[in-house]
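Residue strings, one per chain:
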Amino acid sequence: MPVSVPPKPSASGAGGKDGAGGGDRRTGLRWHLLVHALPPKPLYLRAKVRNRLERSGAVALKNAVYALPRRSGCLAELRSIAEDAIAGGGRAYVCDAVFLEPETDAQLVEEFRDARDADYAALAEAVGRWGQGAPGAAALVRARRRFDEIVRIDFFDLPARRRTEALLSRAE
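Residues numbered from 1 in each chain as written. Predicted model: local features only at pLDDT ≥ 70, side-chain atom pairs only at ≥ 80, totals over all residues. Heavy atoms only, no water.

Attention now moves to the overall build of the protein chain. Within the protein chain, the regular secondary structure consists of 5 helices and 4 strands. Mapped from its N terminus to its C terminus, the protein chain presents α and β elements in the order β-α-β-β-α-β-α-α-α. Counting all 172 residues of the protein chain, 36% fall into the buried class. A fraction of 74% describes how many contacts in the protein chain between residues 6 or more apart in sequence connect residues 24 or more apart. Just so you have it, the protein chain exposes about 10100 Å², and 53% of that area is on carbon and sulfur atoms. (Helix = DSSP H or I, 4+ residues; strand = E, 2+ residues; numbered from the N terminus. Buried < 20%, exposed > 50% of the residue type's maximum accessible area, 1.4 Å probe, protein only. Contact = heavy atoms within 4.5 Å. Areas by Shrake-Rupley, 256 points an atom, 1.4 Å probe, with all protein chains shown as cover.)

A word on the pairing of strand 2 (residues 59–62). Here 3 bridges tie strand 2 to strand 3 (residues 65–69), and the two strands are oriented antiparallel to one another. Bridge pairing links Ala60 to Tyr66 in strand 3. Adjacent in sequence and paired antiparallel, strand 2 and strand 3 are bridged by 2 residues, among which Ala64 carries a positive phi angle near 75°. (Pairing = 2+ DSSP bridges.)

The next thing to look at is the layout of surface pockets. There is about 150 Å³ of room inside the largest pocket. Contributing to the lining of the largest pocket are His36, Ala37, Leu38, Arg46, Val49, Arg50, Leu53, Asn63, Ala64 and Tyr66. Elements that contribute at least two residues to the lining of the largest pocket include exactly strand 1 (31–37) and helix 1 (43–56). Considering each element in turn, the lining of the largest pocket owes the most residues, 4 residues, to helix 1. (1 Å grid on protein atoms, 1.4 Å probe; cavity = no way out; pocket = protein on both sides within 12 Å on 5 of 7 lines; lining within 4 Å. Points joined across faces, edges and corners; volume = space filled by probe spheres on them.)

With that settled, the discussion passes to the sheet that holds strand 4 (residues 91–97). Ordered by their spatial adjacency, 4 strands build an open sheet running 2-3-1-4, and the pairing between neighbours is antiparallel. Since the sheet does not close on itself, it has two edges, and those belong to strand 2 and strand 4, each with one partner. Put simply, the sheet's adjacent strands are angled 30° from each other on average, direction ignored. In the sheet, strand 1 pairs with strand 3 via 5 bridges, with the strands oriented antiparallel. Paired with Leu34 across the bridge in strand 3 is Tyr66. In the packing of helix 2 (residues 74–87) onto the sheet, the strands contacted are strand 1, strand 3 and strand 4, and the crossing angle to strand 4 comes to about 160°. (Axes fitted to C-alpha atoms, helices over the stretch in contact; angles between N-to-C directions.)

Turning next to the environment of Pro40. Along the chain, the position of Pro40 falls in the loop between strand 1 and helix 1. In this structure Pro40 comes out as exposed when scored by relative accessible area, which is 60%. A sequence separation of 49 residues divides Pro40 from Gly89, and the C-alpha atoms of the two residues are 9.9 Å apart.

A separate point is the nonpolar core. In summary, soluble globular proteins display a tendency toward joint burial of nonpolar side chains. Trp31, Leu53 and Phe112 are the most contacted members of the largest nonpolar core, which totals 27 residues. For this core, the element with the highest residue contribution is helix 2, accounting for 5 residues. Judged by nonpolar contacts, the second largest core, of 10 residues, contains Ile150, Leu158, Ala160 and Leu168. (Core = buried A, V, L, I, M, F, W, Y, C linked by side-chain atoms within 4.5 Å.)

On average, the protein chain scores 86 in pLDDT, and the residues at 70 or more come to 82%. Predicted confidence is poor over residues 1–26, with pLDDT under 50, and the contacts of this stretch with residues over four places away or in other chains come to 32 contacts. (pLDDT = per-residue confidence, 0-100.)

On to the packing of helix 1 against helix 2, then. Relative orientation of the contacting elements helix 1 and helix 2 amounts to 175°, with a least axis distance of 10 Å. Looking at the two axes, helix 1 sits roughly antiparallel to helix 2. Facing helix 1, whose interface residues are Leu45, Lys48, Val49, Arg52, Leu53 and Ser56, helix 2 presents Glu77, Leu78, Ser80, Ile81, Asp84 and Ala85. (Parallel < 35°, antiparallel > 145°, perpendicular 65-115°, else oblique.)

Rendered as structure tokens:
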């Protein structure tokens, strides 16, 4: 289920949920965060955590702080990565967050969109290189698998998804 970006609060700033005039955060996005500290060795632990974060679609807020939208499966994914970090001798914390500034939500959503746009573009380019010749069955399976991986972490239902899917369907 895609997550939509909430409208920007009114300029008046009155009527906030917290009573401080900061705007009503009930319409803001909610996020899961992973904060970790990994030991310098073993090196495989850093690679494992980095690869799992990439596959989960997490976006870095800063070094060792990653965000995923609050939706089904994301919390379990971050908890599992945290468990790996702890098992390897590191520290890791998972929490829920709501950012106080709507601009922070918008910036994070843009980072997620940019990352998935790049993924879809790379896949579309690879499929486009097939040209008029029919790709082999193995290439189609790999491309479809990669598409499904991207869709799983496309939390904001990008238009590039439909374009890439149409390109794949024509190739099949």
